[in-house]
Amino acid sequence: MKTLVVTGASRGIGKAIAEKFLSESWYVIGTSTSGKASLKRDNFEIYKLDVSDPESIERFAKALARSKKKIDVLINNAGVYLDEDTSPLNTKALRKTLEVNLIGLADLTERLLPHINNGAHIISMSSGAGSITDEPDAYKPAYQISKAAVNMFTRTLAEALKKRNITVSSVDPGWVRTDMGSSSAPRDPKEPAEEIFKMATSEVNSGFFWHKNKKRAW
Ligand SMILES: NC(=O)c1ccc[n+]([C@@H]2O[C@H](COP(=O)([O-])OP(=O)(O)OC[C@H]3O[C@@H](n4cnc5c(N)ncnc54)[C@H](OP(=O)(O)O)[C@@H]3O)[C@@H](O)[C@H]2O)c1
């Protein structure tokens, strides 16, 4: 049985991803900041993890090491959107956003590398908001900066993990109906979950940015 680790599995896109992999008979290890999840299945475990806290990351990595599980797919899904429509940039929001969306994501990934199988796939949830080439649809600088930086993390990690044949990807899931995306969003979380499952289990070029299973502009 293959193993998925997905952060932020308590709700939204992360929960839909966990459900999709479970329906395909994967073993799923999810995380939430409370250590609780509404999902209950035999092959599902939930761990407490706050990616903005290095000690929490360390505890999670150690718990995973004790479980002796090896990871086939890691999905860095947990994220926050803290911008308010104010100008100039709110640096407090920027610090917190980078702590969760970028530094925590990178720290967790690096800590889990010894438990990730060669030939595995690491997928980080980015956003169209992180694209440098797209015309911005709104002013949300902390979030935009964090997701552009996640994309560069994907590029650099893909290079570093070539020797282990580990594929590294960024995904733009589109605008999705979740607590973050709001009820006005056009996409159901099941849609990106289906696409991500397909991508995670297919051979794709490493180090790219994807939307609906097609390479998209950075
Ligand atoms: N929704 C969209 O339209 C959209 C569009 C583009 C990209 N994205 C990206 O997709 C990902 C998932 O978004 P979503 O819409 O599903 O968001 P969401 O409904 O707000 O869920 C966020 C998830 O992240 C977890 N999380 C938040 N802060 C955390 C922290 N400090 N440490 C660990 N986990 C934390 C939450 O856990 P708790 O429940 O424990 O708080 C929750 O499971 C994010 O990276 C987001 O930026 C979303």
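Residues numbered from 1 in each chain as written. Predicted model: local features only at pLDDT ≥ 70, side-chain atom pairs only at ≥ 80, totals over all residues. Heavy atoms only, no water.

A.B. asks: Explain the layout of surface pockets here, please?
C.D. replies: It is a probe the size of a water molecule, rolled over the atoms, that shows where empty space is left. Put simply, the largest pocket is a space of about 1,300 Å³. Lining the largest pocket are 49 residues, and of these Tyr81, Tyr143, Thr178, Met180 and Gly181 sit closest to its centre. Elements represented by at least two residues in the lining of the largest pocket include exactly helix 1 (12-23), strand 2 (27-32) and helix 4 (141-160). Here the lining of the largest pocket is built from residues that sort into 17 nonpolar, 20 polar and 12 charged. Quantified by volume, the second largest pocket comes out at close to 400 Å³. Around the second largest pocket, the lining is made up of 18 residues, and of these Gly119, Ala120, Asn165, Thr167 and Ser202 lie nearest the centre. Breaking the lining of the second largest pocket down by element, the ones donating at least two residues are strand 4 (71-76) and strand 5 (116-125). Counting residues per element, the lining of the second largest pocket draws most heavily on strand 5, at four residues. Here the residues of the lining of the second largest pocket are counted per class, giving six nonpolar, eight polar and four charged. (1 Å grid on protein atoms, 1.4 Å probe; cavity = no way out; pocket = protein on both sides within 12 Å on 5 of 7 lines; lining within 4 Å. Points joined across faces, edges and corners; volume = space filled by probe spheres on them. Helix = DSSP H or I, 4+ residues; strand = E, 2+ residues; numbered from the N terminus. Nonpolar A, V, L, I, M, F, W, Y, C, P; charged D, E, K, R; others polar.)

A.B. asks: Explain the side chain of Ser169 to me, please; I cannot follow it from the model alone.
C.D. replies: By secondary structure assignment, the location of Ser169 is in strand 6 (residues 167-171). What makes Ser169 buried here is its relative accessible area of 0%. (Buried < 20%, exposed > 50% of the residue type's maximum accessible area, 1.4 Å probe, protein only.)

A.B. asks: How should the pairing of strand 4 be read in this particular structure?
C.D. replies: Side chains on a regular strand alternate between the two faces of the sheet. Of all six residues that make up strand 4, six are buried, and the element is covered over most of its length. Bridging between strand 4 and strand 5 involves five bridges; their strand directions are parallel. Among the inter-strand pairings, Ile71 is bridged to a residue of strand 5, identified as Ile116. (Pairing = 2+ DSSP bridges.)

A.B. asks: So what exactly am I meant to see when it comes to the site of the ligand here?
C.D. replies: The environment of the ligand is formed by 30 residues, the closest being Ser10, Arg11, Thr33, Tyr143 and Thr178. Contact between the ligand and Gly8: an oxygen atom at 3.2 Å from a main-chain N or O atom of the residue. Here an oxygen atom of the ligand and a side-chain polar atom of Tyr143 are 2.6 Å apart. In isolation the ligand offers 900 Å² of accessible surface; the protein chains occlude 91% of this area. A majority-of-atoms criterion places the ligand in the largest pocket. Where the shell around the ligand is concerned, the elements lending two or more residues are helix 1 and helix 4. (Near = heavy atom within 4 Å. Polar contact = N/O pair within 3.5 Å; in protein donor to acceptor, adjacent residues only side chain to side chain. Areas by Shrake-Rupley, 256 points an atom, 1.4 Å probe, with all protein chains shown as cover. Sits in = over half its atoms within 2 Å of the grid points.)

A.B. asks: Help me understand the packing of helix 3 (residues 91-112) against helix 4 in this model?
C.D. replies: Here helix 3 crosses helix 4 at 20°, and the two axes come no closer than 8 Å. The orientation of helix 3 with respect to helix 4, classified from their angle, is roughly parallel. Read as a crossing pair, helix 3 and helix 4 show a hand that is right-handed. Together, Ala93, Leu94, Thr97, Leu98, Asn101, Leu102, Leu105, Ala106, Thr109 and Glu110 of helix 3 and Ala142, Tyr143, Ile145, Ser146, Lys147, Ala149, Val150, Phe153 and Leu157 of helix 4 make up the contact between the two elements. A breakdown of the residues in the contact of helix 3 with helix 4 according to their chemical character gives 13 nonpolar, four polar and two charged. (Axes fitted to C-alpha atoms, helices over the stretch in contact; angles between N-to-C directions. Parallel < 35°, antiparallel > 145°, perpendicular 65-115°, else oblique. Left-handed = near helix turned anticlockwise from the far one by under 90°. Contact = heavy atoms within 4.5 Å.)

Geometric descriptors of this kind do not, in isolation, establish any biological role.
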